[in-house]
Amino acid sequence: MKLRTSATRRALRLVTALAAVTVAAAACSTAASVNSDLGSSLKKVHITCGLSNGQKATGAPIKIGAIATESGGLDFSSAPDSASAYFACVNANGGIHGRPIVYQVQDDGLNPQKASALATGFADNSSVVAMTGGASFVACSVNQPIYAKADLYDILAVGVPKACFYSKNMSPVNGGPQLSLISDAQELVNEFHIKTIAASVYAIPGLGDWLAQGLRAWAKQAGVQVKWINQTTPPVTDASTIIAEVKATHPDAYIPTFAAPDVAAVLKVAAQQNLGSSVHFGCLTPCYDTTFPSQIGSYWRGKFNSNSEFALVNSTGPDNLNWRAILDKYGKPSYPRDSFSQGGYLAAKILVTTLLKLNANNITRATVSAAITQIKDFKSDMFCTPWYFSGPNGHNNANHQLHNVKLDASGAYVQAAGCFETPDPALADILAAEKTDPALVR
Amino acid sequence: MLLFVVAGVAIGSLYSLSAVGLLVLYRATGTLNLGYGGVGALGALTAWQLNQRGVSLWASIGVCVAICAGVSVAWGRVLGPPLAARDPLVRAAATLGLTIVSLGICGYFWNDDARTLNLPTDQSGFDLGPAHVTMTQAIALVLVAVVAAAASILLRVTRLGTTMRALADDRQLTAMLGARVRVAEAVAWAVCGLLGGVSAILFADLTVLSAQNLASLIIPALAAVLIGRLTLLWVTVAGGLILGILQSMVTSVTALSAYGAAVPFVAAVLVTLWFGRRLSYAMRGHA
């Protein structure tokens, strides 16, 4: 018995020591380097959020919800994390006329059934007046009927599958993966005059097939030949096979439409095969963040293009600097400073701006929903054109002029093209609606 | 074709390496360690973090292996004996707790940024027809052969191996005969953890350094162990390689590419159906 006890103690000591190593290593976060891209600009920022009066909100709380994919192979938590930081700032600065915001974020685990259950929970709780800052790969299609029945509206930070952009009760502030893909592909045509293209998409219903369809429609219009579009389940475990296919078919350009960790794995194998010198590699917005270039290595300097659905993360526009300063003060150093974080900030800010226009004693789901559907002409230097919630017939895709960036010789992202209209044939109805009702984007 | 075979062998060798670790442990303790990938993820991410902060790559890898082996041995020491008399299914399910805890720690400390772990052997290699083989891929394949041979010798020739095999048949009887049961079990857990750490580093290098991806390594490894019917070492090694090649070939066909990741699942189901009775017998031996 004594032997067993001492063995157990030794084992527990061993685990404690190893845990200490892990925690110590993990604690060495990237705090020191997260703002190195902005130099001294950030120090001069005077943070603004909500009423900006410096008084802590103590009134009756206002409940806001969000559903995001944070596990299951993909993690888009940077969007709700950013929204959460913005709400913390608002609550420390007067709240909504004295009422603090209680923000509840739920992880759908890349599981549509769970997303549906979470949406039902929010919809059934009448004290939840709106949804904001969510970013899910699977929630939109299953949640739309639930939200419609409950008269609940969602300002999404990041819309991913098609349903997010074609649902009356939700409107994403980002451009979406289809526009991001087409914008990046068009940039490769403009810059390198590519004639053939290949792409990989996630095998997620409503996402992979939508992207493939969109790329083919654009390619037909642009006179570019699509060599192949393959599908893979996340996370990508067969980057070598994908790159073997690129090597075998040799398209002029190849765009993996994956999340950043998966793209990094693909680029690493491509670099080993020296494919970057003969094939132009592009990426969607997930690759555009402050840490990605250092992870993919020096091989890709001057050889890699990416899209950004918002202003560059190191741009010095007042709203962009405000986002970064709020993350510093109310967020954590570990929160990514990426495009999706920009989306979380914008979604939260749009909702707070809308709530502040309402009577603080009459903030109910009905009044908030009515106000959200009427959001028009929301301006920010992080958008190319003003944002609005409701598009034609539930086609909500107000952010359709995007940016493109590329890695320069020093390994830093620089703007390749700013604010150009995405040549997606599917935007025809939106462009027509904006022409008919200029108040949307005055 | 050769391009895809090379890609498949590279990934398949890691499935095999992981499967050997699982098999050695199973043959000694009757435990299918489902926490294998999760603990590997924790070790690999810790190694990445240390390396980012200036610790040398090899020292960081050493820490990863130490974490995996240490956690594995600690689990075997603390929870192995109380679970020894339980059903194999209960023992396997208990190790799922390791995965959940490991993934929880990873999720708490590391966000969704892209991370890469680069080994010096990635930069050199040789051409095999149209395919370029990196030294890392070649080393992974050689390592599988060496580890499988060593495991084979350990189990067949050494006294410790004899104890392990005796344990597999009857733990109580082996203990009554005076064999050092706990030492044998600790070595098995250590070997499993050590291979888990090495596999995690290589898997992170050849695929994606993310907790979810590394934790999922358990699935093809488990499929390979099932192909080896929970007993046959070299069949398990071959199974892992075949799974890697099949996965690569399926992914290379555009119309089937979405199903590439399903290959290990399908293989596991087919093997379970085909060898159902023998697998059941093999598992009963540990009950």
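The rules we used
Residues numbered from 1 in each chain as written. Chains lettered and ligands numbered in written order. Predicted model: local features only at pLDDT ≥ 70, side-chain atom pairs only at ≥ 80, totals over all residues. Helix = DSSP H or I, 4+ residues; strand = E, 2+ residues; numbered from the N terminus. Rg over C-alpha atoms; globule rule 2.2 N^0.38 Å. Buried ≥ 20, exposed ≤ 12 C-beta atoms within 10 Å, placed from the backbone. Contact = placed C-beta atoms within 7 Å. Pairing = 2+ DSSP bridges. Core = buried A, V, L, I, M, F, W, Y, C linked by C-beta atoms within 7 Å. Nonpolar A, V, L, I, M, F, W, Y, C, P; charged D, E, K, R; others polar. Axes fitted to C-alpha atoms, helices over the stretch in contact; angles between N-to-C directions. Left-handed = near helix turned anticlockwise from the far one by under 90°.

1. Concerning the overall build of chain B
Here comes step 1: Scanning chain B for helices and strands turns up 14 helices and two strands.
Here comes step 2: Relative to the compact-globule value of 19 Å for 287 residues, chain B shows a C-alpha radius of gyration of 19 Å, a close match.
Here comes step 3: Taken along its principal axes, the extent of the C-alpha atoms in chain B is 55 × 45 × 35 Å.
Here comes step 4: Taken over 287 residues, chain B has a buried fraction of 58%.
Here comes step 5: Of the contacts made within chain B by residues no fewer than 6 positions apart, 76% connect residues no fewer than 24 positions apart.

2. Regarding unusual backbone geometry
Residues and elements named next belong to chain A.
Here comes step 1: For the peptide bond that leads from Pro 234 to Pro 235, omega is -5°, which places it in the cis range.
Here comes step 2: Along the polypeptide, Pro 235 turns up in the loop between strand 9 (225–232) and helix 7 (239–249).
Here comes step 3: Look at Ser 52: it is not a glycine, yet its phi comes out positive at around 50°.
Here comes step 4: Judged by the 14 C-beta atoms lying within 10 Å of it, Ser 52 is partly exposed.
Here comes step 5: Positive phi, close to 55°, is recorded for His 193, a residue that is not glycine.
Here comes step 6: Tracing the backbone through its elements, the reader meets His 193 in the loop between helix 5 (177–192) and strand 8 (196–202).

3. What to know about the environment of Leu110(A)
All names here are of chain A.
Here comes step 1: Along the polypeptide, Leu 110 turns up in the loop between strand 2 (101–107) and helix 3 (112–124).
Here comes step 2: On the neighbour-count criterion, Leu 110 (22 C-beta atoms within 10 Å) is buried.
Here comes step 3: Separated by 18 residues in the primary sequence, Leu 110 and Val 128 place their C-alpha atoms 23 Å from one another.

4. Some thoughts on the environment of Glu245(A)
Here comes step 1: You can see Glu245(A) is positioned in helix 7.
Here comes step 2: Linking Glu245(A) and Ala371(A), residues 126 residues apart in sequence, is a C-alpha distance of 50 Å.

5. Examining the pairing of strand 11 (residues 280–283) of chain A
All names here are of chain A.
Here comes step 1: Side chains His 280 and Gly 282 of strand 11 all project onto a buried face; the interleaved residues Phe 281 and Cys 283 project onto the opposite face, where all are buried too.
Here comes step 2: Here strand 10 (residues 253–256) runs beside strand 11; their pairing, made up of two bridges, is parallel. Counterpart to Tyr 254 in the pairing with strand 11 is Phe 281.
Here comes step 3: As paired strands, strand 11 and strand 12 (residues 304–308) are joined by three bridges and run parallel to one another. Note that in strand 12 the partner of Phe 281 across the bridge is Phe 304.

6. Observations regarding the nonpolar core
All names here are of chain B.
Here comes step 1: Counting residues in hydrophobic clusters, the biggest one holds 233 residues, and the most contacted among them are Leu 22 and Ala 44.
Here comes step 2: Of the residues forming this core, the biggest block, 18 residues, is contributed by helix 1 (residues 2–29).
Here comes step 3: Leu 22 has contacts with Leu 32, Asn 33, Tyr 36, Cys 192, Ala 221, Leu 222 and Val 225, leaving out every residue within four places of it along the chain.

7. A few points about the interface of chain A and chain B
Here comes step 1: Between chain A and chain B, the contact holds 51 residues from the first and 49 residues from the second.
Here comes step 2: Those elements giving two or more residues to the side of chain A that touches chain B turn out to be helix 1 (2–27), strand 9, helix 7, helix 8 (260–272) and helix 9 (292–296) of chain A.
Here comes step 3: Sorting elements by how many residues they give to the side of chain A that touches chain B places helix 1 of chain A first, with eleven residues.
Here comes step 4: Of the residues assigned to the side of chain A that touches chain B, the class counts are 25 nonpolar, 19 polar and seven charged.

8. Some remarks on the packing of helix 3 (residues 57–78) of chain B against helix 9 (residues 181–206) of chain B
Residue and element names in this part refer to chain B.
Here comes step 1: With their axes 7 Å apart at the nearest point, helix 3 and helix 9 run at an angle of 145° to one another. For the crossing formed where helix 3 meets helix 9, the hand is right-handed. On helix 9, the residues that touch Ile 61, Cys 64, Val 65, Ile 67, Cys 68, Ala 69, Val 71, Ser 72, Val 73, Trp 75, Gly 76 and Arg 77 of helix 3 are Glu 185, Ala 186, Trp 189, Ala 190, Cys 192, Gly 193, Leu 194, Gly 196, Gly 197, Val 198, Ala 200 and Ile 201.
Here comes step 2: For the contact of helix 3 with helix 9, the per-class residue count stands at 17 nonpolar, five polar and two charged.

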